[in-house]
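Here is what each chain is made of, one letter per residue.
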Amino acid sequence: MRLKKSAVAILATASLLALAACGGSSDSNSDKPVPTQGEGGGAGAGKNPDLKAPRAVPDDAAPGGTATVLTAVVPFTLDPTRAYYTDSTAIMNLVTRALTQYVYDPDTNDMVLAPDMATDLGRPNEDNTEWTFTLRDGLKYEDGTDVKAEDVAYAISRSFAIEELPDGPTYQLQFFQDGDTYKGPYKDKSPYKGVTVSGNDITIKMSQPFPEMDYYASFPVFTGIPAAKDTKEEYGNHPLATGPYMFEDYKPGSSLTLVKNPNWDPNTDPGRIQSVDKWVFKFGEDTAKIENTIVSDTGEGQTTLSYDNITPPTYKKITAEGGDRLVTGTSPCTYMWYLDMRKITDINVRKAIGYAYPYEDVWKATGEIVGLTRVPGTSILPPGTAGRVDYDVLGIKGQNTDPEKAKELLAAANADGYEIKFLYATDDPLSVAGKDQIVKGLEAGGFTATPIASTSEKIREARSDPDSPINVRSSGWCSDWPSGGSWFPAQWDGALADLEGMPNPSMFVEADADAKQKEILAMDANDVPAAWGEFDKFIEETYYPAVVTGYSGTAIIRGSKIGGMYNDSVRGMPTFADMYITQ
Amino acid sequence: MGRLRSDKVAIVCAAIVVIFILIAVFAPLLTRLFGVEVRAGDPSTDTDIFNFPVIGPPDHGFTWKAPLGLAPDTGDDNLAEWLYGARTSLMIASISTVFATLIGITIGLVAGFSRGWLDRVISFVIDVFLSLPFLLAALAVAPIIVLRFSDRPGLLKWATFFSLIFILIITGWMQLARLIRGEVLSLREREFIQAARVMGVPTRQILFKELLPNMVAPIVVSFSLTLPAIVTAEAGLSYLGIGVIGQPSWGQTVLKAVPYFDTYPLYLYAPVLGIFVLVVALNLLGDAIRDAFDPKTRR
């Protein structure tokens with residue numbers, strides 16, 4: 001899933017949703033940086049097909065009240081079919097229910113995959129090419145009409161209309177039957193053949209094995225949309241609610257007000273509560289104003305929260321008062337310096353960059369809180385990914401810059417003063433500060449650093465242009481589900497190297513790596529995650545095509561009367577579905 | 001001059017301006033004197049887990065290692081940035097003001113003295129330039145310059161510097177030109193000019209020998225009031241991220257320091273105070289000069 005907020009500027013393309021099957025602790029009690037990410041973890045551990053409805057409302061909840069959410073970001077769209085950014089999907093989780101959902105599990109302090117509108121997590125056939133979901137009884141839209149299986153089938157067919165409704169997730173095009181030919185219900189008048197309905201059963205046929213459909217079914221795409229009520233581009237202004245809250249007022253770009261949906265039945269929903277009367281979201285607010293409102297904790301500020309990561313001065317203030325109102329956790333995305341394999345051909349030079357990169361200096365200079373909003377790491381796959389192998393090619397733990405070693409390697413490669421060209425945005429003071437540190441670090445490591453100036457507006461375009469005069473690209477990736485399957489075929493496939501928009505930012509074209517990927521895709525589903533973990537290690541050890549510059553983390557704050565706010569490690573967002581006003 | 005000297009406010013303001021000019025001129029010397037320098041700091045050693053500096057304010061006492069403290073996040077030295085910020089500010093302000101004044105005088109003289117079509121053409125041009133939105137022009141030019149010189153950091157620094165000066169000049173000369181034109185219109189019918197023309201004095205000589213000396217007052221006043229306006233404009237543009245690139249600037253520091261207004265006030269106050277004191281001093285000095293040149297205004 002795409003990231004919300006400023007990270008959008010850092011992460012290049014349609015980065016995918018982060019899912020941490022097994023996260024770390026988010027206790028924030030000491031004045032030391034809190035390690036936000038635990039090690040490893042199995043994806044299977046993150047599923048609970050038997051979770052029972054209704055979800056209990058905590059004892060300290062005071063029913064009613066208004067929860068206010070302030071954010072500097074503006075959600076891109078709230079159309080369930082198009083929602084792909086983490087903020088949109090997290091907000092829509094209150095409004096439009098999908099077939100499955102992620103539910104916060106207090107025992108593991110992590111999200112688990114649980115049924116939502118479906119009675120279970122779906123039933124695949126033997127080779128994962130056909131999935132059947134059964135809808136619960138008693139599901140209703142906000143207007144009191146029943147949610148029918150046909151509506152879900154229609155919503156799925158709607159997701160193929162990527163021309164009319166762009167920017168949503170696109171796995172259906174790749175994996176679902178006729179995904180490459182069907183163009184959605186607006187262009188193709190004949191119904192979509194890949195989904196069949198019988199009673200409450202919805203059966204989805206695949207064109208190739210898709211073992212991770214249960215995760216994918218949690219996207220708002222898989223909600224119910226009655227064909228008669230579909231207003232195409234307008235639908236995002238008031239999607240029909242199936243969840244505990246419905247749209248009262250939506251002003252795109254500035255605010256959204258949600259009120260209780262009287263037709264939502266808690267006995268059909270194992271993952272959500274309906275405690276507050278009203279949610280008020282205010283978008284595009286000033287960061288300093290947001291943080292001050294919440295930190296001062298007076299009046300309305302007590303029932304206010306934000307899903308923007310806090311800035312260092314606010315971290316200091318909130319820690320000084322005990323840090324109880326700080327919620328931290330994982331949002332596993334990996335930031336990388338993709339080294340252009342066409343230009344930097346010597347692996348010693350590439351490794352020297354890894355030694356010279358001033359990790360901690362850059363993080364701090366760009367306003368990240370080390371260990372909290374940015375976590376050191378060396379594997380491409382972030383913690384929480386199934387089968388992840390924790391390795392350390394350079395032996396510097398992803399943060400101990402070693403300029404001497406860099407110089408040695410450069411001398412060995414006979415490339416003293418090798419020129420590194422990278423982009424920065426002149427109108428963003430954080431980008432400029434990061435650039436200054438990189439220049440300093442690279443020069444200390446024996447490189448010549450040439451920062452290439454760009455502007456915030458143009459930098460993404462310049463980065464995804466294969467002919468840009470740069471030889472490293474700063475970007476990142478987040479996963480849609482906890483397996484290398486949503487990482488390597490999307491970025492490290494030689495076939496992607498010459499495509500528009502540089503989906504393969506390192507221009508990584510190695511025959512043996514491509515062959516290995518093909519092998520893994522054909523493996524038994526249970527062996528796949530571990531094989532991706534090994535593959536991760538293999539490419540970094542053999543080729544070192546990217547410098548891992550840390551994983552993302554979440555650090556968000558709330559007013560003292562907001563209860564049930566945990567980190568949704570899937571999205572790096574608050575657990576809206578569990579939240580209430582305390583007594 | 002005597003009137004100016006007897007004005008205490010003017011003397012104090014002049015002294016302040018002189019001090020700022022000395023700071024700007026001797027910025028490299030002063031930084032060396034304090035043992036600080038403009039450079040990328042060492043965040044990993046100089047800042048704590050909250051990205052706040054480990055020496056000096058706001059958490060620790062005064063230290064000569066960093067008299068104005070270090071910047072949070074980056075660990076850059078605030079005093080060095082401030083001194084060089086004064087330099088950038090005054091350099092841009094003085095160069096732009098001098099050129100804008102020269103252009104304004106020349107065009108105003110020509111327009112006022114030439115009757116007929118040339119006057120109309122020049123007046124039209126002045127009107128066109130007056131309708132140029134200064135901020136929009138700056139916003140449009142900045143990214144063009146950045147992308148044009150993107151791969152030459154050394155050139156980029158000066159390109160943005162001079163493009164900023166250029167924009168300040170082409171949007172800054174019109175007021176004076178109009179003022180001068182009006183003055184010339186009223187002066188050229190006076191007897192001494194008529195006499196000069198009858199005697200066959202060349203036009204250029206009439207313009208510069210006869211007319212110009214009579215307009216020293218408005219020119220000096222305009223100059224002294226444009227200067228602070230440009231100091232503010234430069235800081236404003238830097239705050240918007242479209243000012244100079246690769247050199248310290250008060251506006252940039254203010255932009256970075258705003259989120260720290262309550263946790264690290266000194267970080268914000270230093271550049272704000274710099275801009276404030278300099279602009280107020282220049283403005284008051286300008287007022288005093290106007291009063292001194294114009295006997296009719298009495299306070």
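Look a little higher up for the structure.
Residues numbered from 1 in each chain as written. Chains lettered and ligands numbered in written order. Predicted model: local features only at pLDDT ≥ 70, side-chain atom pairs only at ≥ 80, totals over all residues. Heavy atoms only, no water.

**As for the overall build of chain A**
And then number 1: Along its length, chain A carries 15 helices and 21 strands.
And then number 2: Taking 25 Å as the expected radius of gyration for a compact globule of 583 residues, we find that chain A reaches 24 Å, a close match to that expectation.
And then number 3: Counting only C-alpha atoms, chain A reaches 75 × 55 × 40 Å along its principal axes.
And then number 4: Counting the 583 residues in chain A, one finds 62% classified as buried.
And then number 5: Counting contacts in chain A only where the partners sit at least 6 residues apart, residues at least 24 apart contribute 73% of the total.
And then number 6: Working note: accessible area of chain A is about 20300 Å², and carbon and sulfur atoms make up 49% of it.
And then number 7: For chain A, the centre of its 53 positive side-chain charges and the centre of its 83 negative side-chain charges are spaced 3 Å apart. (Helix = DSSP H or I, 4+ residues; strand = E, 2+ residues; numbered from the N terminus. Rg over C-alpha atoms; globule rule 2.2 N^0.38 Å. Buried < 20%, exposed > 50% of the residue type's maximum accessible area, 1.4 Å probe, protein only. Contact = heavy atoms within 4.5 Å. Areas by Shrake-Rupley, 256 points an atom, 1.4 Å probe, with all protein chains shown as cover. Lys, Arg positive; Asp, Glu negative; His and termini not counted. Charge placed at Lys NZ, Arg CZ, Asp CG, Glu CD.)

**Structural notes on the sheet that holds strand β7 (residues 201-205) of chain A**
Residue and element names in this part refer to chain A.
And then number 1: Here we have four strands laid out as an open sheet, ordered β4-β5-β7-β6, and antiparallel in their pairing. On the outer flanks of this sheet lie β4 (123-124) and β6 (195-198), each paired with one strand and no other.
And then number 2: Sheet analysis places β6 next to β7, joined by four bridges and oriented antiparallel. The residue bridging V197 from the neighbouring strand is I202, located in β7.
And then number 3: Relative to the sheet, helix α3 (residues 149-158) contacts β6 and β7, its axis offset from that of β6 by approximately 175 degrees. (Pairing = 2+ DSSP bridges. Axes fitted to C-alpha atoms, helices over the stretch in contact; angles between N-to-C directions.)

**With respect to the state of the cysteines**
Residue and element names in this part refer to chain A.
And then number 1: Applying the stated rule across the entire model yields one disulfide over all chains.
And then number 2: In this model C333 forms its disulfide with C478; the gap between the sulfur atoms is 2.0 Å. Across the S-S bond of C333 and C478 the torsion is about 105 degrees, and the bridge reads as right-handed. Of this pair, C333 sits in strand β12 (residues 326-339) while C478 sits in strand β16 (residues 472-478), and the two are 145 residues apart along the sequence.
And then number 3: The class of C478 is buried, set by a relative accessible area of 0%. (Disulfide = S-S within 2.5 Å.)

**Description of the packing of aromatic side chains**
And then number 1: Taken as a whole and judged by the stated rule, the model has 49 aromatic pairs over all chains.
And then number 2: Taken together, a centroid distance of 5.1 Å and an interplanar angle of 85 degrees make the contact between F62 of chain B and W64 of chain B edge-to-face. Comparing F62 of chain B with W64 of chain B, the two get one shared label, exposed.
And then number 3: Joined through ring pairs, the aromatic side chains of Y84, F160, Y171, F175, F176, Y182, Y192, F210, Y216, F219 and F222 of chain A make up one cluster.
And then number 4: Directly above the aromatic system of Y424 of chain A lies the positively charged group of K435 of chain A, at a separation of 4.7 Å from the ring centroid.
And then number 5: The ring of F538 of chain A has K516 of chain A sitting right over it, with the charged end atom 4.5 Å from the ring centre. (Phe/Tyr/Trp six-rings, centres within 6.5 Å; stacked < 30°, edge-to-face > 60°. Lys NZ or Arg CZ within 6 Å of the ring centre and 35° of its normal.)

**Points about the sheet that holds strand β1 (residues 66-70) of chain A**
All names here are of chain A.
And then number 1: If you trace the five strands from one edge of the open sheet to the other, you get β8-β9-β10-β1-β11, paired in mixed fashion. Of all the strands in the sheet, the pair left with one neighbour each is β8 (245-251) and β11 (304-306). Across the sheet, the axes of successive neighbouring strands diverge by a mean angle of 20 degrees, strand direction being ignored.
And then number 2: Strand direction decides the pairing type here: β1 and β11, joined by three bridges, are parallel. Bridge pairing in β11 links L70 to S306.
And then number 3: This element, helix α6 (residues 287-296), spans β1 and β11 of the sheet and lies at about 135 degrees to β11.

**A closer look at the interface of chain A and chain B**
And then number 1: Listed as interface residues are 32 residues of chain A and, on the opposing side, 31 residues of chain B.
And then number 2: Between chain A and chain B, roughly 2600 Å² of surface is buried when both sides are summed, and carbon and sulfur atoms account for 64% of that area.
And then number 3: For the chain A face of the interface with chain B, the top three residues by lost area are P313, K316 and K364 of chain A, together amounting to 24%.
And then number 4: Our count for the chain A to chain B interface comes out at three salt bridges.
And then number 5: We note a salt bridge from D42 of chain B to K440 of chain A, for which the minimum N-O separation is 2.5 Å. (Buried area = accessible area lost by both parts, 1.4 Å probe. Salt bridge = Lys/Arg side-chain N within 4 Å of Asp/Glu carboxyl O.)

**Looking at the pattern of salt bridges**
And then number 1: The final tally for this structure, using the stated rule, is 36 salt bridges over all chains.
And then number 2: D340 of chain A serves as the salt-bridge partner of R342 of chain A, at 2.7 Å between the closest nitrogen and oxygen.
And then number 3: Residue classification places R342 of chain A among the partly exposed residues on the basis of a relative accessible area of 38%.
And then number 4: Across the pair R188 of chain B and E189 of chain B runs a salt bridge whose closest N-O atoms are separated by 3.3 Å.
And then number 5: The class of R188 of chain B is buried, set by a relative accessible area of 10%.

**Points about the packing of helix α2 (residues 8-25) of chain B against helix α14 (residues 265-293) of chain B**
Residues and elements named next belong to chain B.
And then number 1: At their nearest, the axes of α2 and α14 sit 8 Å apart, and the two run at 135 degrees to each other. Accordingly, the angle class assigned to the pair α2 and α14 is oblique. As α2 packs across α14, the resulting crossing turns out to be left-handed. Across from V9, A10, C13, A14, I16, V17 and F20 in α2, the residues of α14 making contact are G274, V277, L278, A281, L282, L284, L285 and A288.
And then number 2: A per-class count over the contact of α2 with α14 returns 14 nonpolar, one polar and no charged. (Parallel < 35°, antiparallel > 145°, perpendicular 65-115°, else oblique. Left-handed = near helix turned anticlockwise from the far one by under 90°. Nonpolar A, V, L, I, M, F, W, Y, C, P; charged D, E, K, R; others polar.)

**A word on the nonpolar core**
And then number 1: Core analysis: the biggest nonpolar cluster contains 67 residues, and I310 and L326 of chain A together with W82 of chain B have the highest contact counts within it.
And then number 2: Here this core takes twelve residues from α14 of chain B, the largest share from any one element.
And then number 3: I310 of chain A has contacts with E291, Y315, I318, L326, I369, A555 and I557 of chain A, leaving out every residue within four places of it along the chain.
And then number 4: In terms of nonpolar packing, the next biggest core, distinct from the first, is built from 48 residues, L113, M117, L135 and L165 of chain A among them. (Core = buried A, V, L, I, M, F, W, Y, C linked by side-chain atoms within 4.5 Å.)

**What about unusual backbone geometry?**
Residues other than glycine predominantly adopt negative phi, and peptide bonds predominantly adopt the trans conformation.
And then number 1: With an omega of -5 degrees, the peptide bond between A53 of chain A and P54 of chain A qualifies as cis.
And then number 2: If you trace the backbone, P54 of chain A turns up in the loop between α1 (7-10) and β1.
And then number 3: The omega angle of the peptide bond from P57 of chain B to P58 of chain B is 5 degrees, so this bond is cis rather than trans.
And then number 4: Turning to its location among the elements, P58 of chain B is positioned in the loop between α4 (43-46) and α5 (78-113).
And then number 5: For N51 of chain B, which is not a glycine, the phi torsion comes out positive at approximately 65 degrees.
And then number 6: By the element assignment, N51 of chain B lies in the loop between α4 and α5.
And then number 7: Here the phi dihedral of D73 of chain B falls at roughly 70 degrees; this positive angle occurs in a residue that is not glycine.
And then number 8: Topologically, D73 of chain B is positioned in the loop between α4 and α5.
And then number 9: D73 of chain B sits in the buried class, given a relative accessible area of 9%.

**What to know about a nonpolar patch on the surface**
Residues and elements named next belong to chain B.
And then number 1: A contiguous nonpolar surface patch, about 520 Å² in accessible area, is contributed by V18, I21, L22, V25, F26 and L29.
And then number 2: Ranked by residues supplied to the nonpolar patch, first place goes to α2 with four residues.
And then number 3: You can see L29 is positioned in helix α3 (residues 27-34). (Patch = residues over 30% accessible without salt bridge, like charges linked within 9 Å, V, L, I, M, F, W, Y side chains within 5 Å.)

Remember that the coordinates give geometry; whether it matters functionally is a separate question.
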